[in-house]
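Reading the structure
Here is how the chains run, residue by residue.
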Amino acid sequence: NIIICDDDEAQVVQIERFLPQENGYTIFSFHSGKELLSNLPQSCDIAILDIKLQDTLGTKIAEKLQAIYPEIDIILISSYPISAKAFAAFIKPSE
């Protein structure tokens, strides 16, 4: 299963078109962190998360998903330009 969570519906449609559904993956699309967390699939292999959602940060959702699905691969995306240094600071683990 693949989760997509992005508040930009056009972005979600583009990602869905790109993903190979014929390989047996089921795609679950959400437009907010709250919607995603309220409708989690039983299993998930990959999550594609917008870094900045309207209701939360994709990194916070990523932490929750990793706790639920320990083997999940997470891809963070953004439509905003971001430098590597800023991104590293953004995802720095809390101490």
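Everything quoted here is computed from the prediction, not taken from an experiment.

This part takes up helix α3 (residues 58-68). The complete set of buried residues in α3 reads Gly58, Thr59, Ile61, Ala62 and Leu65. Within α3, the buried residues cover an arc of 150 degrees as seen down the axis, which keeps them to one side. Residues of α3 that are exposed and point more than 90 degrees away from the buried face comprise Glu63 and Ala67.

If you trace the 4 strands from one edge of the open sheet to the other, you get β2-β1-β3-β4, paired in parallel fashion. Each of the sheet's edge strands pairs with one partner strand only, and the pair in question is β2 (27-30) and β4 (73-77). Each strand of the sheet is rotated relative to its neighbour by a mean of 15 degrees, with strand direction disregarded. One ladder, built from 4 bridges, connects strand β1 (residues 2-5) with β2; its direction is parallel. By the bridge assignment for β2, isoleucine 4 is matched with serine 29. Those strands touched by helix α1 (residues 9-18) are β1, β2, β3 (46-50) and β4, and its axis lies near 170 degrees from that of β2. Packing of α3 onto the sheet brings it into contact with β1, β3 and β4, and relative to β3 it is tilted by some 160 degrees.

Parameters and conventions
Residues numbered from 1 in each chain as written. Predicted model: local features only at pLDDT ≥ 70, side-chain atom pairs only at ≥ 80, totals over all residues. Heavy atoms only, no water. Buried < 20%, exposed > 50% of the residue type's maximum accessible area, 1.4 Å probe, protein only. Helix = DSSP H or I, 4+ residues; strand = E, 2+ residues; numbered from the N terminus. Arc of directions from axis to C-beta. Pairing = 2+ DSSP bridges. Axes fitted to C-alpha atoms, helices over the stretch in contact; angles between N-to-C directions. Contact = heavy atoms within 4.5 Å.

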